[in-house]
Amino acid sequence: MRFFFPSLSRSAWMLLSFLALPALGAPRPIPVKVVVVAMFEVGQDTGDAPGELQYWVERDHLDRIFPLPAGFHAVRMNDAGEMAVLTGQGTAHAAATIMALGLDPRFDLSHAYWIIAGIAGGSPQRVSLGSAAWARWIVDSDLGYEIDAREIPPDWTTGYIPLRKARPFEPPVAPLDGQMFAVNPALAQWAFQRTKDVPLADTDKLKEIRSHYDGAGAQLPPHVMMGDEISSSTYWHGKLLDAWATQWMSYFTDGKGQFATTAMEDTGTLLSLKALAGAGRVDYQRILVLRTVSNFDQQPRGMNAADSLARERIGAYSAYLPALEAAYTVGHTVVNELLTHWQTYAGTLPGAPETH
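In this report, we go over the structure that sits alongside the text. Counting of residues starts from 1 at the beginning of each chain's written sequence and follows it residue by residue. Reporting of local features is limited, given that this is a predicted model, to residues whose pLDDT is at least 70; pairs of side-chain atoms are given and counted only at 80 or more, and all residues count toward the totals for whole chains, interfaces and linings. Working from all heavy atoms in the structure, the side-chain values ignore hydrogens and water.

Digging into the pairing of strand 9 (residues 137-140)
Okay, so step 1: Each residue gets one of three labels from its accessible area relative to the maximum for its type: buried under 20%, exposed over 50%, partly exposed in between, using a 1.4 Å probe on protein chains only. By definition, any uninterrupted DSSP run of H or I lasting at least four residues is a helix, any uninterrupted run of E lasting at least two residues is a strand, and each is numbered from the N terminus. Neither face of strand 9 is open: one carries Trp 137 and Val 139, the other Ile 138 and Asp 140, and all of them are buried.
Okay, so step 2: Two strands pair if DSSP finds at least two bridges between them. Summarising the sheet, strand 9 and strand 12 (residues 180-182) pair through three bridges and their orientation is antiparallel. Note that in strand 12 the partner of Ile 138 across the bridge is Phe 181.
Okay, so step 3: Here three bridges tie strand 9 to strand 14 (residues 228-231), and the two strands are oriented parallel to one another. Within the sheet, the bridge partner assigned to Ile 138 lies in strand 14 and is Glu 229.

In structure tokens, the structure reads:
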């Protein structure tokens, strides 16, 4: 029996015929097992002063280069299924680059584990220089109101106010979409258990710097820990802002999160990954956030915040190279475990009961 559809033009019939054809010869998407997310690089990807990407490229032989025109930087892979992406600094760069990668049809990211591995500021109350912190909570601090410190009411502790509130830390808590993220706690705990005994180098220089701080965390040598992150594109510094960040974390997580590190990009990365998960492109339960401490987030004893901040520059942070080394050493321990036992982890999420 013949069917006749007079409303369809010749061009429409041609389009329908084309769409009905199988994609003969179309390349299959490249399966990606692990994506390492780095945020900045000082110069080239290899052979010069390192940023967050370079150790991964050189040591894991990420020699396959895929241009990413809609992102900040080309992505790199090796034949084992490990990829590294460089987002660029700040939440906007991170969100745009991760979205560009996640929508790229060349890659199958549906089973990929994502490991954000970068340096951060750390609170000397809770973490030491050169240490590595696996986060369960990541809270954005850019979304909010701000009053200049010279004009805040005398009974306020800060000029930062949550959006749609009239006072700092006003209840009830009402985080906006993209303001607070919780990663898979069992996966984070598993990563911590896998790496908690990884030795991190201590040096006389780090010991000398730590001696100028009174916080309990600053008294410890570099180690691996669980600790949560405040994320913002504003690089803030000082004892009073550390106190604000501690309370900001507690406020938005209902006391569940413990502020340890401050970094710039991760809420942008996580927001894109959340959207990509909603589109079925990635698995949001396969995300890890690892930040390592390159500097303290406040001034040492006997110095003001402005003078302390003036000394903090990329490449000259007090524990810059130890923090880069820790990010690779701790992160690679997890990457290697996932790749070595991929037949298990491809279909089954690793995890362990949380300890308290």
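Continuing now.
Here we look at the side chain of Ser 131
Okay, so step 1: Mapped onto the elements, Ser 131 comes out in the loop between strand 7 (113-122) and strand 8 (132-134).
Okay, so step 2: Each polar contact in these results corresponds to two N or O atoms within 3.5 Å; when the atoms are within protein, one needs to be able to donate a hydrogen and the other to accept it, and residues that are neighboring in sequence are counted only if both atoms are side-chain atoms. Separated by 3.0 Å, the side chain of Ser 131 and the backbone nitrogen of His 223 make a polar contact.
Okay, so step 3: Contacts were defined at the residue level, with two residues in contact if any of their heavy atoms lie within 4.5 Å. In this view, Ser 131 contacts Leu 200, Pro 221, Pro 222, His 223, Arg 291, Thr 292 and Val 293; residues no more than four positions away in its chain are not counted.

What about the packing of aromatic side chains?
Okay, so step 1: Note on aromatic pairs: the rings of Phe, Tyr and Trp (six-membered ring only in Trp) are paired at centre separations within 6.5 Å, and the planes decide the class, stacked below 30 degrees, edge-to-face beyond 60, tilted for the rest. Applying the stated criterion across every chain, the model contains 16 aromatic pairs.
Okay, so step 2: Taken together, a centroid distance of 6.1 Å and an interplanar angle of 80° make the contact between Tyr 113 and Trp 342 edge-to-face. With Tyr 113 in strand 7 and Trp 342 in helix 10 (residues 342-345), this pair connects stretches of sequence that are 229 residues apart.
Okay, so step 3: Since its relative accessible area comes to 0%, Tyr 113 is described here as buried.
Okay, so step 4: Aromatic side chains Trp 236 and Trp 244 sit 5.7 Å apart centroid to centroid with 85° between the ring planes, which places their arrangement in the edge-to-face category. Accessibility assignment for this pair places Trp 236 and Trp 244 in one class, buried.
Okay, so step 5: Each member of the aromatic cluster is reached from another via a ring pair, and the members are Tyr 160, Phe 169, Trp 236, Trp 244, Trp 248, Tyr 251, Phe 252 and Phe 259.

Remarks on helix 9 (residues 320-340)
Each full turn of the α-helix corresponds to 3.6 residues, which orients residues three or four apart in the same direction.
Okay, so step 1: When the terminal C-alpha atoms of helix 9 are compared, their 30 Å separation across 21 residues agrees well with the 30 Å that a helix rising 1.5 Å per residue should span.
Okay, so step 2: The bend at a residue is defined as the angle formed between two axes, one fitted to the seven residues ending at that residue and one fitted to the seven starting there. Along helix 9, the largest kink reaches about 25° and is centred on His 332. Any helix carries an expected span of 1.5 Å times its number of residues minus one.

A word on the pattern of salt bridges
Okay, so step 1: Any Lys or Arg side-chain nitrogen located within 4 Å of an Asp or Glu carboxyl oxygen qualifies as a salt bridge. In this structure the tally under the stated criterion is 16 salt bridges.
Okay, so step 2: Taking the shortest distance from any N to any O, the salt bridge between Glu 52 and Arg 291 comes out at 3.9 Å. In this pair, Glu 52 is assigned in the loop between strand 2 (34-38) and helix 2 (54-59) and Arg 291 in strand 16 (residues 287-296), connecting sequence segments 239 residues apart. Here Glu 52 matches Arg 291 in class, with each residue buried.
Okay, so step 3: Glu 265 serves as the salt-bridge partner of Arg 291, at 3.1 Å between the closest nitrogen and oxygen. Of the two residues, Arg 291 is situated in strand 16 and Glu 265 in the loop between strand 15 (259-263) and helix 7 (266-278); the sequence distance between them amounts to 26 residues. Grouping residues by exposure puts Arg 291 and Glu 265 together as buried.
Okay, so step 4: Here the salt bridges do not stand alone but share partners, grouping Glu 52, Glu 265, Asp 266 and Arg 291 into one network.

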